[in-house]
Amino acid sequence: MTTLLAVVPTFIARLWTEPLAQYAPWLKVVIHGQDDYKPEEIDYALGFRPPPGLFKTLPNVKVIFSLGAGVDGFLSDKDFPKQIPLVRFVDHTLSREMMQYVVLHTLMFHRTQRQFDRAQAQKQWAQMFPPRRTEDTRVGILGLGEIGTMAGEYLARLDFPVSGWSRTKKSVPDIKSFAGDGELEAFLGQSDILVCLLPLTPATYHILNKKTFAQLPKGAYVINAARGGHLVEDDLIAAIDSGHLAGATLDVFETEPLPATSPIWTHPKITMTPHVAAMTDPRVASRTVADAIAGHMKGAKLDNVVDFELGY
Ligand code: NAP
Ligand code: GLV
């Protein structure tokens, strides 16, 4: 019998066990923290933010599946068994939700919607916040991978001038490509809206900092939908309060849930959401994992395997 360990919150375990039973009836699924199991019986595992040290206790695990696109929650485990392939979740529905989040918050800023919300609350007929020309609102996307590329393509369709920054040079229609540390400053200098969609790695940790913000045009807006560890929160608040940045939208935070003491909760120029830009759909992910396990058992090559050297 092939056994899968699911490291998911026990109160929503059913959301995973039901579709897994449908798509892989030949698979025994055990829930970490709920079902008894012997470490040596586990062949495959899935999870999102697993307890550190857990995977090194599984001597026969063959593949570990991340239920998120980001795998920083696995790689922060110093005991993660790097000889075992780690597969990250790449899916059209997840990328599409992220794209929608980026388009929504780009338009909210571009169309000055928050100013209209405030005017409405005061019953003001405020025909005074004209959007700037779309052609003059340059969107720069940090991370031109699965999600960054889809977001960039949709923004380009809305006529925004779009550029992307990645480790390696890209050739995507209507998206200007900047690559590597040497081109970061030039990229930032032409980004009126800066969107972060990078993986969190040692190379990208705290990449959104006071130096980065100083290199953005005055009045720029920041959207971080990647990971809280990308952002130095105090530097962002200082850059907004000094008037250099116009504001920010944040979905992710260095500490989650965001502590009640954080000034971000009440900052008038920050829009925040509680790490919901995109949610993995258990039905979709269960099918993906079931297919990948079936393929792996037949000797097929795994897709979306994390490069441990690069950290994504
Ligand atoms: P991906 O396909 O792996 O793309 C990552 C991109 O970042 C690639 O273009 C890569 O460059 C670039 N990159 C990585 N390290 C870099 C560096 N040091 N310098 C320059 N560019 C670098 O990842 P994805 O699927 O688009 O996901 C991106 C992130 O979104 C995830 O890691 C996760 O943290 C976040 N996310 C958040 C939510 C949410 O709900 N808030 C949901 C899903 C995902 P190359 O192409 O040259 O390799
Ligand atoms: C969510 O944050 C993900 O990485 O998919």
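Our subject is the structure that appears above.
In this text the structure is predicted, and so the values were computed from the model without any measurement.

Participant: Explanation requested: the nonpolar core in the structure shown.
Facilitator: The tendency in soluble globular proteins is for nonpolar side chains to be buried as a group. Within the largest apolar cluster, 48 residues are counted, with the highest numbers of intra-cluster contacts made by V8, L46, F65, I141, L155, V195 and L197. Looking at this core element by element, the count peaks at 7 residues for helix α3 (residues 92-110). Those residues in contact with V8, other than ones at most four positions away along the chain, are A13, W16, I31, H32, L46 and L67. One finds L188, L231, I237 and I240 within the second-largest nonpolar core, a separate group that totals 28 residues.

Participant: Mind showing me how you'd approach the site of ligand 2 here?
Facilitator: Taken together, F48, G68, A69, G70, L94, R227 and H275 form the complete shell of residues around ligand 2. A69 places a main-chain nitrogen or oxygen 2.8 Å from an oxygen atom of ligand 2. In this structure, an oxygen atom belonging to ligand 2 sits 2.7 Å away from a side-chain N or O atom of H275. For ligand 2, whose unbound accessible area comes to 190 Å², protein coverage reaches 86%. Each residue belonging to the shell around ligand 2 can be placed in one class, and the counts come to 3 nonpolar, 3 polar and 1 charged.

Participant: Help me understand the packing of aromatic side chains, please; the structure alone is not making it clear to me.
Facilitator: Summed over the entire model, instances satisfying the criterion amount to 7 aromatic pairs. Ring geometry for F55 and F80: centres 6.0 Å apart, planes at 75°, overall edge-to-face. Taken as a pair, F55 in the loop between β3 (44-47) and β4 (63-66) and F80 in the loop between α2 (72-75) and β5 (86-87) lie far apart in primary sequence, 25 residues in all. No difference in accessibility class separates F55 from F80, as the two residues are buried. Pairing F109 with Y221 gives two aromatic rings, centres 4.3 Å apart and planes at 15°, and the pair type is stacked. A residue pair is termed long-range when its members are at least 10 positions apart, and F109 in helix α3 and Y221 in strand β10 (residues 220-224) qualify at 112 residues. Here the two residues F109 and Y221 agree in accessibility, since each one is buried. A connected cluster of aromatic rings, assembled from ring pairs, spans F55, F74, F80 and F308. Across from the ring centre of Y154, 4.3 Å away, lies the NZ or CZ of R157, which sits over that ring.

Participant: Honestly, the sheet that holds strand β8 (residues 175-179) in this entry has me stumped. Any pointers?
Facilitator: Note on sheets: strands pair through backbone hydrogen bonds, and any given pair is parallel or antiparallel. Pairing in this open sheet of 7 strands is parallel, and the strands run β8-β7-β6-β9-β10-β11-β12 from one edge to the other. Of all strands in the sheet, those with a lone pairing partner are β8 and β12 (270-272), marking the two edges. With direction set aside, neighbouring strand axes in the sheet form an average angle of 15°. Across the sheet, α3 is in contact with β6 (139-142), β9 (193-196), β10, β11 (245-250) and β12; its angle to β10 comes to roughly 155°. Relative to the sheet, helix α8 (residues 233-241) contacts β10, β11 and β12, its axis offset from that of β11 by approximately 145°.

Participant: Would you explain the pairing of β9 in this entry?
Facilitator: Successive side chains on a regular strand alternate, one facing one side of the sheet and the next facing the other. Burial along β9 is two-sided: I193 and V195 facing one way and L194 and C196 facing the other are all buried. Looking at chain direction, β6 and β9 are connected through 4 bridges and run parallel. Paired with L142 across the strands is C196, a residue of β9. With 4 bridges joining them, β9 and β10 adopt parallel strand pairing. The residue bridging I193 from the neighbouring strand is Y221, located in β10. Tracing the backbone out of β9, into helix α7 (residues 210-215) and back to the parallel element β10 gives a crossover that is right-handed.

Participant: Explain the site of ligand 1 here, please?
Facilitator: Surveying the vicinity of ligand 1 reveals 28 residues, the closest of which are R88, T168, K170, D251 and Y312. In this structure, an oxygen atom belonging to ligand 1 sits 3.1 Å away from a main-chain N or O atom of G145. Within the side chain of R227, a nitrogen or oxygen atom sits 3.2 Å from an oxygen atom of ligand 1. Mapped by element, the contributors of at least two residues to the shell around ligand 1 are α5 (146-157) and β7 (162-166). Class assignment for the residues of the shell around ligand 1 results in 15 nonpolar, 7 polar and 6 charged.

Participant: So what exactly am I meant to see when it comes to the pairing of β3 here?
Facilitator: Here β3 shows a buried face lined by Y44 and L46 and a second buried face lined by A45 and G47. Across 4 bridges, the pairing between β3 and β4 is parallel. Within β4, the position partnered with Y44 by the bridge is V63.

Participant: Honestly, the packing of α3 against α5 in this entry has me stumped. Any pointers?
Facilitator: A pair of packed helices can be characterised by two numbers: the angle between their axes and the separation between those axes. Across the interface, α3 lies against α5 with an axial gap of 8 Å and an inter-helix angle of 50°. The orientation of α3 relative to α5 falls into the category oblique. Regarding α3 and α5, the two cross each other, and that crossing is right-handed. Each of H92, S95, R96, M98, M99, V102, V103 and T106 in α3 lies in contact with α5, whose residues at this interface are E146, I147, M150, A151, Y154 and L155. Class assignment of the residues belonging to the contact of α3 with α5 gives a composition of 9 nonpolar, 3 polar and 2 charged.

Cut-offs and rules
- Residues numbered from 1 in each chain as written.
- Chains lettered and ligands numbered in written order.
- Predicted model: local features only at pLDDT ≥ 70, side-chain atom pairs only at ≥ 80, totals over all residues.
- Heavy atoms only, no water.
- Core = buried A, V, L, I, M, F, W, Y, C linked by side-chain atoms within 4.5 Å.
- Buried < 20%, exposed > 50% of the residue type's maximum accessible area, 1.4 Å probe, protein only.
- Helix = DSSP H or I, 4+ residues; strand = E, 2+ residues; numbered from the N terminus.
- Contact = heavy atoms within 4.5 Å.
- Near = heavy atom within 4 Å.
- Polar contact = N/O pair within 3.5 Å; in protein donor to acceptor, adjacent residues only side chain to side chain.
- Areas by Shrake-Rupley, 256 points an atom, 1.4 Å probe, with all protein chains shown as cover.
- Nonpolar A, V, L, I, M, F, W, Y, C, P; charged D, E, K, R; others polar.
- Phe/Tyr/Trp six-rings, centres within 6.5 Å; stacked < 30°, edge-to-face > 60°.
- Lys NZ or Arg CZ within 6 Å of the ring centre and 35° of its normal.
- Pairing = 2+ DSSP bridges.
- Axes fitted to C-alpha atoms, helices over the stretch in contact; angles between N-to-C directions.
- Right-handed = clockwise from strand over helix to strand, strands pointing away.
- Parallel < 35°, antiparallel > 145°, perpendicular 65-115°, else oblique.
- Left-handed = near helix turned anticlockwise from the far one by under 90°.

Geometry only, nothing functional implied.
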